[in-house]
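Residues per chain, in single letters:
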Amino acid sequence: MPQSKSMRIFRTLAGWLVVAFFFFPIFFWTSVAFRDAKDIFSWPPKFFEFEPTVRNFEQVFGISLGFGFGTQETVNPGGGNFYMAPRLWDSIVVASMSTVLAIMVATLAAYCLSRMQFRGRHEFVNWVLSTRMMPPVAVAIPMFFIFKQLNLLDTYLGLILVHGLMNLPLAVLLLKSFFDDIPAEIDESALLDGASRWTIFKRIVLPMAKGGIAASAVLCFIFSWTEFLFALTLTQTGIKTVPVVSSTFVTSIGTAWGNMAALGAAAIVPAFIVVLLVQRHLVRGLTMGSLKQ
Amino acid sequence: MKDSVRKQYLASITDKFVRGQLGRREFLRAAGKLGLGAGALGMGFGNRPFGAFSSARAAEELTPNPEILKWLADVGKPFAGTTLKLATESTPPSNAINGQLKKYFEEATGIKVEIEVLPLEQVLQKLTLDVASNLGTYDLYYIDQSWAASFSQDVFDPREQYSAKADLAMPNYNLDDFLPALVDGIAKYEDRWVGVPYDIPIFIMIYRKDIYDKLSLKAPETIEELYTNSKIITDEMGPKVYGTTGQMKSGHYSLECDWTAWLWGHGGSIFGPDGKFTGNDEKGVAALEYWTKLKATMPPGVDGWTWDGQGQSVAQGVAASMLSWGEFFPYFDDPTQTKVSGLCEVAVPPRAMSLRTVKETGYGEIPGVGHQGGSSLAVSRYSKSPDAAWIFMQWATCADTQALITTLGGGTGPTRASVYDDPRVLAQARVGAGTTRHLPVVRETIAKHMGSEPDLPEWAQLSSDTIPVSLGKYFAGSYGSPKEALDDIAKQVGEVLKG
């Protein structure tokens, strides 16, 4: 039934309203990154009328952007070794490598759970699910002791392993549901044609589950990117991920909101790029299974 | 040139440079005459994000005493190549050392120092893990005064270290120079020193002189006067400007800090000599009633603010006074950060109505309106390199380094008596970023008005959870009366102490 003009206008307005509502925190946070202290804390609050500055970014990243309205002087906000560029790199390494690790293991595990019948399969799935219910702090402290003994504290390898393990249950469960949605008859036909399990997995099932894998990878990446507890407990000065560095802007004499906002605004970008890169697959992945046979 | 004359001259030209009375070229030339190295010529540095380092920029040119550097080079030689680790809150001293001073130590000794800067509660988490594991992940502990009892057996007593290792003892380190009140309030648990006093944020009265003058008011000398002044200002200037402000966020340690100031100021105490909670006695109830009255003169958002929001309410001109950490004052004086530069003045905290003696309290609690925060620095018993850590600790807390911290970091009160009189520190006592003009009041507050929390292992939980959560509920209207709220706190404290 064709919509009336007023209905169309209403829907458009409602759409923009929803977008504005959800986008406002990002806009406001980003705008804080471009303010100096006087404008951040001005009372009554200023939303648009402030003099923009790049000083917060310069301070956080230890660089000079050299714009007319900025400053060419830079400092190190953490007081010595917390310039953000290497810290962003730490986060990128940990998040991407742990995602690769989780997805590699989870894909194989999920395929087995989806296609193979063996005793205790359902119990195993339930156990995987139950690990998501465990509070991370329950394992963070034992993990600290183990990692200290294995010399994995404050190393990329240590944090990649932990984030990979942390994301594994989620990835297994998600991927299993994606594999479940691919008809098992395809596998059976291929088996009849003489293909091995590995060939079927590699040549047939994996390409069909590409969207689901991309969706799972994005979620793993974002969870690792934003994870705080393990990153705090298992690192010291060698490695610092973005959330941990962000917390260092809380000082004994107040919070450096401008610096924190600059870091937060910058930290959105890599996660945004990852989502953009896999966007095509992501849409397919997220809608996989919505239309059943 | 004598060292003291050199310091005087350096302080004088630094001050002129900061005030803009001396050009960069002239400053560098004069500094060069004093033998400042090539590193001193790099002038490209800026402000700390939240004021602490927005001090006199030229003060960066101040370098450690050459005699101390020579001692470091001699004594540190056997430890070259060692790496020391310290987890600390982001405080002015730690940031000054981490950002600008540790390079001198590292160059002189060959000892590498890694300083992990974290929010206070995460420092506690890291230290607790380190102590529980005995693994010696950190060589030095930053110990907040409320944790002194908990960590007292996990660190070396610095007096023992100093006397036991004569070959590592810094000449003229002078343990007696630490302000005795701070040793008692921050660094001592029973008979042991739990490190040496490292920083001392303390409550002082900060008020807007222009507003006080306009309304013909004078700095509050008593607690009752503070209320009267605050009410007058709020009645006259509200809702644009309120008389005073607070750090009253429900469930946060800051709320407990405010509470103790009013409790002690009314003659009350947290504990009695028998170790039982006494915050709910007659004096305690009077304090909470007063505080409730005073809150009506504060800005509406006050029960969502920690010291951060409280400080910003003054910095933005919303509140005309605050009884809070003196560390904020240099930030308020920084014209690039706030609207109130040059408009604020300081005074000692309002006089208490009556004060209990230490004997009338429990767990070494020291009543006083000038609530003291602060921390100690100590060498961990589990450190793999305790001697190297001890050398670093002496250097970080010696008078020369403390003077540099105060001039570079601006704001925090020195913990040594001699530093208050150091010419480099005195030269910064003028309106502007990184001022030290509040330090005489800080010193007087430490000596005469300081209040210190009790030392008991359960205090970290009581001060950061039990008490502020219930006080938050009280201000949210969950209790029928102040007495009911305080009785409930007494019950909860009793349960925690029972274990």
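To keep things clear, this report deals only with the structure shown in the data block. Keep in mind the model is a prediction, meaning the values are calculated, not measured.

Quick look at the overall build of chain A
Right, so step 1: Across its full length, chain A holds 14 helices and two strands.
Right, so step 2: Looking at chain A residue by residue over its 293 residues, the buried ones come to 45%.
Right, so step 3: Counted over contacts in chain A with a minimum sequence separation of 6, partners at least 24 positions apart contribute 67%.
Right, so step 4: Split by element, the accessible area of chain A, about 15,500 Å² in all, is 71% carbon and sulfur.

Looking at the sheet that holds strand β7 (residues 203-208) of chain B
Residues and elements named next belong to chain B.
Right, so step 1: Spatially, three strands are ordered β8-β7-β9 in an open sheet, and the strand pairing comes out antiparallel. Each having just a single partner strand, β8 (321-325) and β9 (344-347) make up the two edges of the open sheet. Adjacent strand axes in the sheet meet at a mean angle of 30 degrees when their direction is disregarded.
Right, so step 2: Two strands pair when backbone bridges link them, and β7 and β9 are joined in this way by four bridges, in the antiparallel orientation. Looking at the pairing, Arg208 lines up with Cys344 of β9.

Brief notes about the sheet that holds strand β3 (residues 140-144) of chain B
Residues and elements named next belong to chain B.
Right, so step 1: Pairing within the open sheet is mixed, and its five strands lie in the order β2-β1-β3-β11-β6. Unpaired on one side and paired on the other, β2 (112-118) and β6 (196-199) mark the two borders of the sheet. On average, each strand axis in the sheet is tilted by 30 degrees relative to the strand beside it, whichever way the strands run.
Right, so step 2: Bridge count for β6 against strand β11 (residues 375-379) is three bridges, and the pairing is antiparallel. Residue pairing in the sheet places Asp199 in a bridge with Ser375 of β11.
Right, so step 3: Packing of helix α4 (residues 92-109) onto the sheet brings it into contact with β1 (83-89), β2 and β6, and relative to β2 it is tilted by some 170 degrees.
Right, so step 4: In the packing of helix α15 (residues 386-397) onto the sheet, the strands contacted are β1, β2, β3, β6 and β11, and the crossing angle to β11 comes to about 150 degrees.

Calculation rules
- Residues numbered from 1 in each chain as written.
- Chains lettered and ligands numbered in written order.
- Predicted model: local features only at pLDDT ≥ 70, side-chain atom pairs only at ≥ 80, totals over all residues.
- Heavy atoms only, no water.
- Helix = DSSP H or I, 4+ residues; strand = E, 2+ residues; numbered from the N terminus.
- Buried < 20%, exposed > 50% of the residue type's maximum accessible area, 1.4 Å probe, protein only.
- Contact = heavy atoms within 4.5 Å.
- Areas by Shrake-Rupley, 256 points an atom, 1.4 Å probe, with all protein chains shown as cover.
- Pairing = 2+ DSSP bridges.
- Axes fitted to C-alpha atoms, helices over the stretch in contact; angles between N-to-C directions.

Just geometry here; none of it tells us what the structure is for.
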